[in-house]
Amino acid sequence: MVDAAARISPLDGRLFQDEGILVEPAVPAVRLALRAPSAARAALSKALGIDLSQRPKASAVHGARAALWLGPDEWLVIDEEGGDLMAACGTVTAFHSAVDVSHRNTALLVSGRRAADVLSAGCPQDLSRGAFPVGAASRTVFGKVEIVLWRTGEEAFRVECWRSFSDYVFMLFEAAARDA
Amino acid sequence: MQQPFRLADVGRLGAAAPVNFTFDGKPFTGLTGDTLASALLANGVHLVGRSFKYHRPRGIVSAGAEEPNALVGIHRDAARKTPNVRATVQEVHAGLEAVSQNRWPSLAFDVGALNDAASPFFSAGFYYKTFMWPKAAWERLYEPFIRRAAGLGVAPDQPDPDVYANRFAHCDVLVIGAGAAGLAAALAAADTGARVILADEQAETGGALRFETGAAIDGRPGWDWAKAVTADLAARDNVRLLTRTTGFGYYAQNIVGLVERLTDHLAKPAPEQPRERLWQVRAKRVVLATGAIERHMVFAGNDRPGIMLASAARTYLNHFGVAVGRNVAVYTADDSAWLAALDLKRAGVGIAAIVDARSEIRGAHVEEARRLGIECLEGHAVTATAGRLRVSSIQVRPLAGGAGRVIPCDALITSSGWTPAVHLFSQSRGKLAFEAETQRFLPGTSAQDVDCVGACGGSIDLAQTIEQALEAGTRADGAQGRRATIVKDVRGEVWSGGMLGTAETGTGVKAFVDFQNDVTAKDIRQAVREGMRSIEHVKRFTTTGMATDQGKTSNMHGLAIAAEMLGKPIPEVGLTTFRAPYTPVTFGALAGHSRGALFEPVRRTPIHSWAQEKGAAFEDVGQWKRAWYFPEAGEDMHAAVARECRTVRESAGIFDASTLGKIEVVGPDAARFMELMYTNPWAKLGVGRCRYGVMLREDGFIYDDGVVGRIAEDRFHVTTTTGGAPRVLNHMEDYLQTEFPDLRVFLTSTSEQWAVIAVQGPRSRDIIAPLVDGIDLSDAAMPHMSVREGTVCGVPARLFRMSFTGERGFEINVPADYGRTVWEAVWAEGEKRGACAYGTETMHVLRAEKGFIIVGQETDGTVTPQDAGLIWAIGKNKADFVGMRGLRRADLVAPGRKQLVGLRTKDPNTVLDEGAQIVADPHQAVPMTMLGHVTSSYWSENCGHSIALALVAGGHDRMGETLYVPMPGGAIAVEVASTVFFDEKGERANG
Amino acid sequence: MLLIHCPYCQEDRPELEFRHAGEAHIARPADMAALSDEDFERFFFIRSNPKGVVFERWRHMHGCARFFNAARDTVSDRFLKTYKAGEPKPDLGGEGR
Ligand SMILES: [Zn+2]
């Protein structure tokens with residue numbers, strides 16, 4: 001039997017630290033790719049206990065749970081404490097699509113004074129606090145791969161990517177961080 | 001004596017530390033802050049290279065990035081050998097090793113200089129004319145000769161060991177150039193609170209204030225003002241100040257490429273410190289403060305070492321404290337050279353004479369020159385020069401006619417005026433306007449949000465320049481135009497004059513226009529005589545302006561000479577297009593981080609590490625690494641694959657199928673959407689059942705395929721080919737969003753959510769049974785082509801009963817983070833039952849034995865389902881699906897189409913080459929009529945003979961026919977056969 | 001690198017996040033089965049490819065993932081307008097010529 005603690009994240013054991021920058025894997029999380037027309041938004045927000053914002057690039061956080069706006073009918077819902085997101089959505093009858101992508105994605109936490117600069121080695125978006133404030137979230141690119149970027153603090157970002165791209169993403173962070 | 005031409009108490013390097021470096025192996029000493037050029041000049045060295053075509057001795061022309069002549073190699077170590085570095089840009093550092101280029105055996109004595117004597121042979125248009133000569137002569141005679149004779153530096157022969165960085169940046173105002181104009185613009189922009197980036201290609205800000213000692217701003221000498229403003233800007237949070245940074249390209253919507261040189265000036269860069277950083281800056285507004293470039297005078301023998309631009313001599317004097325000679329002659333048509341002469345004279349340097357091509361010269365500078373006792377010759381031209389490796393005298397003649405005389409000198413400084421550096425403005429698609437009075441192209445209509453200030457915008461007055469710059473800087477996005485920045489008491493130097501082309505027309509002489517490409521005034525005249533009418537033609541015919549300096553000092557001369565010959569005004573002859581990069585950019589800077597391991601993402605499955613530990617060989621499939629085969633001790637690939645193939649059919653095999661694309665199709669209209677996307681019918685597919693689906697493009701050709709399971713009424717689990725995953729999802733999203741937006745369906749990629757463990761073979765059920773909970777695995781409860789949800793090893797799983805081998809088979813989908821753990825459990829059960837792990841090669845062989853196609857191998861974008869023998873997969877009663885109408889196109893139903901068949905070689909041991917062509921008669925004349933080609937070919941251990949699949953014209957009607965595969969060793973006879981080579985009735989998958 | 005205004009994200013985003021998707025306003029005929037050869041040719045193969053203003057599809061592939069439409073001048077490479085999929089061709093006024 002395999003228990004849930006046996007999750008082997010692709011970045012287990014990886015860590016990069018240098019002056020003004022820390023790159024580390026996030027703890028394994030439950031994730032939902034949630035798609036819904038606006039008619040189902042209120043019911044889903046209620047079922048998940050978190051506001052599914054309609055504002056582009058917005059995010060909402062409630063405890064260990066977060067919902068990131070990715071598109072006009074798309075959210076990435078993340079629960080770091082193992083909450084059963086599929087079951088929560090299962091109570092909603094209005095048309096929507098909830099797909100478990102807990103293992104599709106993995107996440108890196110990038111923090112420190114130089115975090116935004118290091119991200120700017122591969123991300124073409126304006127990551128200044130004016131254009132990408134704390135709480136902003138967006139699908140975008142980092143080098144040659146797609147990521148979901150979420151600014152969780154003035155100097156802290158969460159970077160979600162598909163698991164097989166995480167090695168590339170981690171190595172690009174290492175390379176970019178060497179550029180003082 | 002050390003640095004004999006370094007003057008005491010002159011320049012700004014003063015007490016800087018000495019630096020030892022070598023040039024062509026000879027040791028020299030310079031000062032910290034020197035460029036290689038200034039340090040060499042301090043040591044009296046002018047001769048630094050040989051020219052491209054004629055191998056003529058060449059010296060230092062300029063003091064900046066426009067340098068056409070002084071290109072050297074810089075050798076840091078065995079791998080770091082950079083050719084064609086401008087000595088005027090390279091800073092000296094301890095241990096710097098510079099070598100001259102394009103000379104053999106030595107710089108002072110060069111065999112290639114024979115080209116100079118043979119120069120009529122190399123006249124304008126030489127290359128074009130030579131191409132028309134007999135081809136054989138070109139290959140054997142001319143090209144090798146030219147290759148030996150002409151050229152620049154030598155490319156490094158080892159991979160570049162340096163790393164390069166990349167940075168995307170965003171700002172309100174980007175200022176290019178940090179001379180007086182750029183500094184003032186940046187200051188004004190910064191004062192509005194805007195985000196400012198200020199970039200300058202030099203090591204220090206200041207621009208022309210380096211040499212313009214007559215300038216004063218805010219009651220201080222210009223240079224001091226520049227240093228104070230720079231310190232102010234550097235301390236501000238909203239300003240990023242980048243020195244040693246060239247704005248090289250101006251692209252759409254105010255994206256400007258900058259390259260920042262980080263280590264070339266350092267003696268010992270830190271390990272892994274990037275050598276250069278590419279900045280891709282998006283600016284709301286751009287302020288170009290790129291200055292102007294001085295032009296040389298065009299006259300016979302104007303390329304000897306010791307002949308340089310007046311502003312360069314002035315820079316070497318006023319900034320670096322270096323005299324370019326002891327007895328310096330001046331030849332000019334612009335006042336600016338007079339100011340250089342006066343500075344030199346005051347510093348104690350002898351001025352042999354000031355020769356001015358203009359007939360009437362007056363002004364304070366003239367009076368001052370006369371007062372200092374300098375001989376001033378107006379209306380005169382320099383008509384020749386002498387000196388083998390360094391100018392030793394000039395011949396001067398009145399332009400109105402009369403006797404000439406020879407004036408000895410050890411340097412000659414020249415100026416024919418200034419060309420505004422409009423390169424970036426032009427790259428921004430701004431229109432240039434010709435100002436006839438001053439014979440300058442100036443920025444005209446802007447195409448983007450850009451301002452040109454100072455000399456690049458045509459200003460010749462410092463007060464006006466500062467005013468323009470403050471105005472432009474204040475125009476920052478969002479600012480209300482309130483100008484807070486005050487700069488007062490601006491006093492600048494005022495120059496006038498200038499000319500284009502030659503003052504005096506000699507024949508048979510080398511009056512160089514373009515030093516780097518060795519193009520003379522005579523070459524340009526010849527081009528016009530031979531029929532070139534536009535400057536674009538003249539450029540290509542003579543190669544003027546086509547060297548690495550892109551003719552920064554020479555283009556206007558070339559244009560003027562052509563215009564004069566054509567008897568047309570300059571704008572009618574045209575201006576060649578300015579193209580990025582402004583100065584050469586390394587490939588490293590453009591590649592950035594995308595090298596080595598970061599060249600492309602390498603994708604690995606959750607089970608990859610297990611395969612690696614087992615010694616698997618891997619193959620690249622797109623970005624994926626897939627286990628190819630698992631050799632046991634002593635096995636080669638053939639033996640390993642044969643064993644794996646046998647084992648799967650005898651017992652079982654375990655295969656990592658995680659890379660397959662997966663898409664979750666969810667919603668009440670999911671089945672309707674599937675009906676539209678695939679040829680097959682889906683409405684009646686029961687929950688828990690699977691079907692092989694074929695996806696077409698609208699034109700009727702096969703686009704993808706895969707097994708689809710119905711998880712619930714409103715939920716399908718779709719699989720795609722490994723390589724097709726992203727495009728299939730894009731294709732489906734396209735139709736859903738733009739053609740069928742009313743369907744209540746959403747699509748989600750789950751490719752990486754699931755690790756997929758295929759267990760195939762007669763014993764597959766026995767292997768997985770102990771691990772599966774909540775699913776009845778009996779044939780009755782779970783027949784071939786069904787799917788169940790349950791748990792495997794206690795982990796939530798989707799279990800498919802399906803087969804790509806023709807055997808009874810299962811595919812276990814478990815959440816990816818559990819993939820390796822579950823795989824190991826399956827492996828343990830498999831080992832007990834004689835199963836093996838198998839790779840992609842065995843997978844390919846087994847499916848070919850069954851005639852299952854692989855999209856992209858059996859298909860190439862022109863194959864229909866009928867061609868591939870998949871007509872059974874097309875729903876007969878469907879009203880619509882993508883590709884349905886396309887399939888009825890005349891060409892797609894015409895007889896004689898290439899169709900998929902099996903091939904059996906007459907000799908069972910012969911394995912055909914994939915891609916080999918197929919013909920009916922191997923004795924026909926070449927080119928033969930080709931009937932098709934082999935798409936897949938393997939040795940089949942299970943069949944005991946080779947097998948192949950092929951696309952053959954009219955193939956379905958050729959069963960039993962003998963065809964031939966012509967190969968270098970002779971034609972191979974093959975028999976057209978069924979695509980199914982093994983278990984033709986297809987019973988084993990159910991058994 | 002262009003800067004493209006995504007009508008769904010409601011902001012300008014870098015071109016690297018987008019993918020071009022061919023000419024816009026070519027609706028897939030509702031009754032495909034009845035389409036004549038000529039109509040199929042027009043629908044599938046023929047594209048206008050003008051010099052000047054084009055109406056084209058883009059996908060904010062690495063952003064909101066929505067397809068949308070744009071009017072772009074192929075001479076100046078300027079976007080005149082972007083708008084959501086399904087919306088009619090916009091009136092470009094003078095800019096559209
Ligand atoms: Zn968007």
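Residues numbered from 1 in each chain as written. Chains lettered and ligands numbered in written order. Predicted model: local features only at pLDDT ≥ 70, side-chain atom pairs only at ≥ 80, totals over all residues. Heavy atoms only, no water.

Q: Describe the sheet that holds strand β43 (residues 809-815) of chain B, with residues and values.
A: Residue and element names in this part refer to chain B. Spatially, β40-β41-β42-β43-β39-β33-β44 is the arrangement adopted by the seven strands of the open sheet, whose pairing is mixed. Only two strands of the sheet have a single partner each, and these edge strands are β40 (772-773) and β44 (836-837). Here strand β33 (residues 653-656) pairs with β44 via two bridges, running parallel. Its bridge partner lying in β44, I654 is registered against A837. (Pairing = 2+ DSSP bridges. Helix = DSSP H or I, 4+ residues; strand = E, 2+ residues; numbered from the N terminus.)

Q: Describe in detail helix α22 (residues 819-832) of chain B, supporting the description with residues and values.
A: Every α-helical turn comprises 3.6 residues, leaving residues that sit three or four positions apart pointing alike. Residue and element names in this part refer to chain B. If you check α22, its first and last C-alpha atoms are 20 Å apart, about what 14 residues at 1.5 Å a residue would give, namely 20 Å. Here α22 has its buried residues at G819, R820, V822, W823, V826, W827, E829 and G830. One or two residues past the end of α22 sits G834, with phi positive at roughly 75°. (Expected span 1.5 Å × (residues − 1). Buried < 20%, exposed > 50% of the residue type's maximum accessible area, 1.4 Å probe, protein only.)

Q: Residues and numbers for the interface of chain B and chain C, please.
A: Taken together, the 27 residues of chain B in the interface contact 29 residues of chain C. Summed over both partners, the interface of chain B with chain C comes to about 2300 Å²; 48% of that surface belongs to carbon and sulfur atoms. Counting every contact that joins chain B to chain C gives four salt bridges. Two residues, D734(B) and R57(C), come together in a salt bridge whose shortest N-O distance is 2.6 Å. In terms of residues, the side of chain B that touches chain C owes the most to one element, helix α20 (residues 725-739) of chain B, which gives seven residues. In the side of chain B that touches chain C, the residues fall into 10 nonpolar, six polar and 11 charged. (Contact = heavy atoms within 4.5 Å. Buried area = accessible area lost by both parts, 1.4 Å probe. Salt bridge = Lys/Arg side-chain N within 4 Å of Asp/Glu carboxyl O. Nonpolar A, V, L, I, M, F, W, Y, C, P; charged D, E, K, R; others polar.)

Q: A description of the nonpolar core should follow, citing residues and the corresponding values.
A: All names here are of chain B. Ranked by size, the top nonpolar core spans 64 residues in total, and within it F23, L36, M308, Y316, V324 and I413 carry the most contacts. It is helix α8 (residues 335-346) that provides the largest number of residues to this core, a total of seven residues. Of all hydrophobic cores here, the second largest spans 50 residues; its members include V648, V855, Y938 and L949. (Core = buried A, V, L, I, M, F, W, Y, C linked by side-chain atoms within 4.5 Å.)

Q: Please give an account of the domain arrangement of chain A that cites residues and values.
A: All names here are of chain A. Partitioning chain A into structural domains gives domain 1 (11-28 + 103-180) and domain 2 (30-101). Placing a centre on the C-alpha atoms of domain 1 and another on those of domain 2 gives a separation of 23 Å. Contact residues are listed per partner, giving 20 residues for domain 1 and 14 residues for domain 2. Of the roughly 1400 Å² buried where domain 1 meets domain 2, counting both sides, 50% is carbon and sulfur surface. Ranking the residues of domain 1 by area buried against domain 2 places A137, R139 and W150 at the top, with a combined share of 34%. Inspection of the domain 1/domain 2 interface yields three salt bridges. Residue R139 is joined to E74 by a salt bridge in which the shortest nitrogen-to-oxygen separation is 2.9 Å. Summed over the shared surface of domain 1 and domain 2, the result is 11 residue pairs in polar contact (both at pLDDT 80 or more). When its residues are assigned to classes, the side of domain 1 that touches domain 2 shows 10 nonpolar, six polar and four charged. (Domains from an automatic or database assignment. Polar contact = N/O pair within 3.5 Å; in protein donor to acceptor, adjacent residues only side chain to side chain.)

Q: Tell me about the coordination of the zinc ion, and name the residues and values.
A: Residue and element names in this part refer to chain C. The protein atoms that coordinate the zinc ion are C6 (SG), C9 (SG), H60 (ND1) and C64 (SG), at distances of 2.0 to 2.4 Å. Of note is the zinc ion, whose four donor atoms meet at the metal with angles of 105 to 118° in an arrangement that counts as tetrahedral. In primary sequence terms, the donor set of the zinc ion follows C-x2-C-x50-H-x3-C. The two residues C6 and C9 agree in class, both being buried. (Donors = N, O, S within 2.8 Å, 3.2 Å for Na, K, Ca; no water. Tetrahedral: all angles 85-135°; square planar, octahedral: opposite > 155°, others 65-115°.)

Q: Please provide a residue-by-residue account of the packing of aromatic side chains, values included.
A: If you walk through the whole model with that rule in mind, you get 27 aromatic pairs over all chains. The interplanar angle of 15° and the centroid separation of 5.0 Å between the aromatic rings of F655(B) and Y838(B) together place this pair among those described as stacked. Residue F655(B) is found in strand β33, and its partner Y838(B) is found in the loop between β44 and α23 (840-849); the two are separated by 183 residues along the sequence. With 6.5 Å between their ring centres and 55° between their planes, F43(C) and F44(C) make a pair best called tilted. A relative accessible area of 12% means that F43(C) is categorised as buried. Take F44(C): its relative accessible area is 23%, and that puts it in the partly exposed class. Each residue in the set W610(B), F630(B), W823(B) and W827(B) is aromatic and connected to the rest through ring pairs, giving one cluster. Sitting over the face of the ring of F982(B), R649(B) holds its NZ or CZ atom 4.2 Å from the ring centroid. (Phe/Tyr/Trp six-rings, centres within 6.5 Å; stacked < 30°, edge-to-face > 60°. Lys NZ or Arg CZ within 6 Å of the ring centre and 35° of its normal.)

Q: Talk me through the packing of helix α5 (residues 180-191) of chain B against helix α11 (residues 462-474) of chain B; I want residue IDs and the actual numbers.
A: Residues and elements named next belong to chain B. For the pair α5 and α11, interaxial distance at closest approach is 7 Å and the crossing angle is 35°. The hand of the α5/α11 crossing is right-handed. Within the contact between the two elements, α5 uses A180, A181, A184, A185, A188 and A189 and α11 uses L462, T465, I466, A469, L470, G473 and T474. Residue classes in the contact of α5 with α11 are distributed as 10 nonpolar, three polar and no charged. (Axes fitted to C-alpha atoms, helices over the stretch in contact; angles between N-to-C directions. Left-handed = near helix turned anticlockwise from the far one by under 90°.)

Q: Could you give an account of the pattern of salt bridges, with specific residues and numbers?
A: Think of it this way: side chains of opposite charge can pair up when their charged atoms draw near. Residues and elements named next belong to chain B. Tallying each qualifying case throughout the model produces 83 salt bridges over all chains. For D264, the salt bridge goes to R275, with nearest N and O atoms at 2.9 Å. Taken as a pair, D264 in the loop between β14 (255-261) and β15 (276-288) and R275 in the loop between β14 and β15 lie far apart in primary sequence, 11 residues in all. Owing to a relative accessible area of 8%, R275 belongs among the buried residues under this scheme.

Q: I'd like to hear about the environment of E829(B), residue by residue, with values.
A: Residues and elements named next belong to chain B. With respect to the helices and strands, the residue E829 is situated in helix α22. Exposure remark for E829: the relative accessible area of 11% places this residue in the buried category. For E829 and I767, which are 62 residues apart along the polypeptide, the C-alpha to C-alpha distance reads 5.3 Å. Apart from the residues within four sequence positions on either side, E829 is in contact with I767, P770 and L771.

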